[in-house]
Amino acid sequence: MAPFTLKWGIVATGGIAEQFIKDLIADPALRGVSDVAHLPVAVASRSVEKAQAFIDAQVPADLRSKVTPYGSYEELYKDPAVDVVYVASPSAFHYKNSLDALRAGKNVLCEKPFTVNAKQAKHLQHVAKESNLFLMEAVWTRFFPLVKTFTKLLHEDKVIGRVHRVFSDFSVWFDPKTRPTYYDPNTGGGALLDLGVYMNLWTLLTCYHHPDNKLSPPDVIKAVQFRSAVNRGVDESTSVITSWEKPQIVCIGTASMMIDTPPECVVRVQGTKGQIIIPIHGSRPEKILVRLDDGATREYNFPIPGQGLFWEADAVARDIRDGKKEEALYPLSESVFAMELMDEIRRQNELVFPANVEYCEDF
Ligand SMILES: NC(=O)C1=CN([C@@H]2O[C@H](COP(=O)(O)OP(=O)(O)OC[C@H]3O[C@@H](n4cnc5c(N)ncnc54)[C@H](OP(=O)(O)O)[C@@H]3O)[C@@H](O)[C@H]2O)C=CC1
Ligand SMILES: O=C1OC[C@@H](O)[C@H](O)[C@H]1O
């Protein structure tokens, strides 16, 4: 049977959009997929020349004429050829861009962090529901086959026994000269929003999803943020302790854009029988190590045949093909929860973005 082909419109032409379109174009057979496929049909930038240059650089010659360049995001939302809009703008614009796309009747996959605050996330959830459209935050790592094995080892096989502690770090040195948006509060910069998503990812997979926790919030959240010397309006690092009373797990998470995570250990989950370690890279992991206290060790390898963004794209294609409005593996309620956690971290540290960035319509 011919695969269901999802037609994508890409909004913004920065670093992640380049990676994403590469994975859309990659042959699904290379990752063993035959039921869905992807076709980029439109690219929008703030200038049409930039959109065309992106298409010329990224799309193979035989497909290029099928991709329409737009010089404004709004034009792309109106394109009837587009099934789903991929929002790849800086974090401060995710809310507006997703809202505009939904209001134009488009399904949306929005880059992480979903929004800047939980109210915006809830509003998008509300609008998608009202409009009967698909919406998801693009936390791509969640769709890695590795993550499925990680949660199975932890929660089903209970390979390390009863879990007690989680250490989760996601830190990447961002040069302010080459990555200025990450130091700019007006674009929603800072370590928490950009890197904290991955710091929290492993905590959520372990604790929020723990069978004893039943998707409850942590009982205690204690967070420290250091402001950047480049711009005091963003955090250069966030450290957070969360305590989850029902499963009795404490998590220590760190995210920094001043230093890199050392390669040996990004995530460490410790239980009564041993530990599970995810060595680098916390957003794009390829290996799980299990080290048991009795001396036994196991290694699980998951080579990625590309960047790895295609797994989330495949999930979106299947959902839209099947008429689903949310993805079961990463529902909107969890994106909202993830934003609430980040709101609380910022509240404790009095980190507020400019009013136009925090803005949310009443609903
Ligand atoms: N899933 C993942 O692995 C990753 C996700 N991300 C997320 O994706 C988003 C984009 O990140 P990234 O691609 O690195 O960002 P870039 O700075 O590389 O690109 C962002 C793009 O957004 C558009 N844009 C719109 N308004 C502005 C503005 N005021 N200033 C600058 N750019 C603007 C520009 O495209 P144009 O000129 O065409 O309009 C620009 O190229 C972020 O939210 C980030 O957290 C980032 C990296 C990896
Ligand atoms: O989402 C991300 O994952 C990888 C990081 O290097 C990147 O900056 C971040 O945005």
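Data block above holds the structure.
Residues numbered from 1 in each chain as written. Chains lettered and ligands numbered in written order. Predicted model: local features only at pLDDT ≥ 70, side-chain atom pairs only at ≥ 80, totals over all residues. Heavy atoms only, no water.

1. Some details on the nonpolar core
Right, on to step 1. Counting residues in hydrophobic clusters, the biggest one holds 119 residues, and the most contacted among them are Trp8 and Ile276.
Right, on to step 2. Among the elements that line this core, the one with the most residues is helix 8 (residues 191-208), at 13 residues.
Right, on to step 3. Counting only domains with at least three residues in this core, you end up with domain 1 (4-141) and domain 2 (145-301).
Right, on to step 4. Residues within four places of isoleucine 276 in sequence aside, it is in contact with Phe150, Leu153, Leu154, Val159, Ile160, Val267, Arg268, Val269, Ile288, Leu289 and Val290. (Core = buried A, V, L, I, M, F, W, Y, C linked by side-chain atoms within 4.5 Å. Buried < 20%, exposed > 50% of the residue type's maximum accessible area, 1.4 Å probe, protein only. Helix = DSSP H or I, 4+ residues; strand = E, 2+ residues; numbered from the N terminus. Domains from an automatic or database assignment. Contact = heavy atoms within 4.5 Å.)

2. Focus: the site of ligand 1
Right, on to step 1. What surrounds ligand 1 is a group of 23 residues, the closest being Thr13, Ser45, Lys50, Tyr73 and Asp194.
Right, on to step 2. In this structure, an oxygen atom belonging to ligand 1 sits 2.6 Å away from a side-chain N or O atom of aspartate 194.
Right, on to step 3. Alone, ligand 1 offers 890 Å² of accessible surface; in the complex the protein occludes 82% of this.
Right, on to step 4. Looking at the shell around ligand 1, the elements that each hand over two or more residues are helix 1 (15-25) and helix 8.
Right, on to step 5. Residue composition of the shell around ligand 1, by class: 10 nonpolar, eight polar and five charged. (Near = heavy atom within 4 Å. Polar contact = N/O pair within 3.5 Å; in protein donor to acceptor, adjacent residues only side chain to side chain. Areas by Shrake-Rupley, 256 points an atom, 1.4 Å probe, with all protein chains shown as cover. Nonpolar A, V, L, I, M, F, W, Y, C, P; charged D, E, K, R; others polar.)

3. What to know about the site of ligand 2
Right, on to step 1. Close to ligand 2 lie Lys112, Phe174, Arg179, Asp194, Tyr198 and Ser283.
Right, on to step 2. Between ligand 2 and the protein, one listed contact pairs an oxygen atom with a side-chain N or O atom of arginine 179 at 3.3 Å.
Right, on to step 3. The separation between an oxygen atom of ligand 2 and a polar side-chain atom of aspartate 194 is 2.8 Å.
Right, on to step 4. For ligand 2, the accessible surface in isolation is 270 Å², of which the surrounding protein chains cover 76%.
Right, on to step 5. Looking at the shell around ligand 2 residue by residue, the class counts come to two nonpolar, one polar and three charged.

4. Some details on the state of the cysteines
Right, on to step 1. All chains considered together, the criterion is met by zero disulfides.
Right, on to step 2. Cysteine 110 forms no disulfide, and the closest cysteine sulfur to it belongs to cysteine 360, at a distance of 14 Å.
Right, on to step 3. Assessed through its relative accessible area of 0%, cysteine 110 is described here as buried. (Disulfide = S-S within 2.5 Å.)

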